[in-house]
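An overview of the molecular structure
The primary structure of each chain is shown beneath.
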Amino acid sequence: MDNSINFIEILNEQLLAHSFEAVKDLNGTIIPGIFIRMENPVLYIIGICEKQNQLELTNVLTAFTKQMSVELEDLRCNHLVSVSIQLGEEDGEAYLPSYLDERIHTVHWRYSLVEKKVYAGHGEPNRLLGIEKLLFLSSQGNKAEKPMVPAMVAGRPWVSIGIFAICTLLLIYTTLSGKGGSTIVTFGLSRRGILNGEYYRFFTSMFLHSGMPHLISNGIFLFYFGVKAEYLLGKWRYLALYMISGLCGGLFSIAFHNVLAIGASGAIYGLLGAMLILTKKYGPRYTQMNYSTMLLLAFTSIGFGFLDMGVDNFAHIGGFLGGIVVFLFYMRDERKNK
């Protein structure tokens, strides 16, 4: 009994650390064993109980599922997945009633504390949102890794603002002065220039853009992912992530694509790679985007880059991989300091 209680406590911590939220009643009291997580367009409800409390959980989970099904449209979701997890010593199937509403999908699990294994209902998945991994970790007694604490809680994201401002001012200058072509030749990224020792091109090319559409497209990604990364990492670690990602993009560009290149895309894709890893680890807590959406965005952005001859897609790939590596280093460093 004590082992089961300890397991549930650890599992609660694991779920809360991975973007699940405890459900509260109208009085603000936490309803034990019920968790919720939104992964637009799907809303997930998780119910966890021991065998002797199965009937009580089923009634609570059923009532809450029906309640949330009415609110799906307001939550901008079109499907609801209700997962019942019954804890026990033996195998078998848990019970959760089915619904006539085609938007509601039920999943029935029994988790064997002895075998450390999920037994799913007939024809149902035994893997979902990584919950099966959290169950296993909890049964091993592994404490949940605490989510990353944002380094900034107030103030403006001056690094992101500064990067965009520099790019904008340079575009205005090159456009009005009529020196756009010569500036790109002098400061853009080129294999010949780098081989001649002009290493400054790795960095100067990050702030040059070919026109307003080019700048705006990069600016959208910068302010969506960059601002979030800056608040999470702090100004200096964020700036290092941005610059190293841009450098990796430049290295890939001159190695695989011998063209004169400009733009912040390599660094921007580094931010995308970093936020993808963050979402994979902790769910949509920080980016407000689920992992599948982030993954689709990354693959489509890079995939379509190969269809446009004017895009230096190798810079995108290099920046993306560089951002992932830098962010993994940050995460490892954070774990050591806890």
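This is a predicted model, so every value here is computed, not measured. (Residues numbered from 1 in each chain as written. Predicted model: local features only at pLDDT ≥ 70, side-chain atom pairs only at ≥ 80, totals over all residues. Heavy atoms only, no water.)

**Some points on the sheet that holds strand β5 (residues 104-112)**
- Strands sit in the order β1-β2-β3-β4-β5-β6 across an open sheet of six strands; the sheet is mixed. A single partner strand is all that each edge strand has here, and the edge strands are β1 (21-24) and β6 (117-120). The average angle at which neighbouring strand axes cross in this sheet is 30°, direction not considered.
- Lying over the sheet, helix α3 (residues 131-139) contacts β3 (42-50), β4 (79-88), β5 and β6, oriented at roughly 25° with respect to β5. (Pairing = 2+ DSSP bridges. Helix = DSSP H or I, 4+ residues; strand = E, 2+ residues; numbered from the N terminus. Axes fitted to C-alpha atoms, helices over the stretch in contact; angles between N-to-C directions. Contact = heavy atoms within 4.5 Å.)

**Comments concerning the environment of Y119**
- Residue placement: Y119 occurs in strand β6.
- What makes Y119 buried here is its relative accessible area of 16%.
- Between the C-alpha atom of Y119 and that of I317, which follows or precedes it by 198 residues, the distance is 40 Å.
- Within the structure, the side chain of Y119 is placed 2.8 Å from the side chain of E115, a separation counted as a polar contact. (Buried < 20%, exposed > 50% of the residue type's maximum accessible area, 1.4 Å probe, protein only. Polar contact = N/O pair within 3.5 Å; in protein donor to acceptor, adjacent residues only side chain to side chain.)

**A short note on the environment of T279**
- The topology assignment puts T279 in helix α10 (residues 265-282).
- Exposure remark for T279: the relative accessible area of 2% places this residue in the buried category.
- Considering only alpha carbons, one finds T279 and L295, 16 residues apart in sequence, at a separation of 9.6 Å.
- Within the structure, T279 has its side chain in polar contact with the backbone oxygen of M275 (distance 2.8 Å).

**Re the side chain of T174**
- Within the secondary structure layout, T174 lies in helix α4 (residues 158-177).
- With sequence-adjacent residues up to four places away left out, T174 is seen in contact with K179, G180 and T183.

**Looking at the pattern of salt bridges**
- Overall, the coordinates contain four salt bridges when judged by the stated rule.
- A salt bridge links K281 to E145, with the nearest nitrogen and oxygen atoms 3.3 Å apart. Note that K281 is positioned in helix α10 and E145 in the loop between α3 and α4, a separation of 136 residues in sequence.
- Given a relative accessible area of 30%, E145 falls into the partly exposed group.
- In this structure, E334 engages R237 in a salt bridge whose closest nitrogen and oxygen atoms are separated by 3.7 Å. Of this pair, E334 sits in helix α12 (residues 313-337) while R237 sits in helix α9 (residues 235-256), and the two are 97 residues apart along the sequence.
- Judged by relative accessible area, which is 25%, R237 ranks as partly exposed. (Salt bridge = Lys/Arg side-chain N within 4 Å of Asp/Glu carboxyl O.)

**Quick word on the packing of helix α8 (residues 212-233) against α10**
- One way to put it is that α8 packs onto α10 with a least axis distance of 9 Å and a crossing angle of 40°. One way to sum up the angle between α8 and α10 is to call them oblique. Regarding α8 and α10, the two cross each other, and that crossing is left-handed. Note on element contacts: α10 touches α8 through S265, I268, L271, L272, M275 and L278, opposite H214, N218, F221, L222, F225, G226, A229 and L232. (Parallel < 35°, antiparallel > 145°, perpendicular 65-115°, else oblique. Left-handed = near helix turned anticlockwise from the far one by under 90°.)

By themselves, these figures tell us nothing about what the structure is for.
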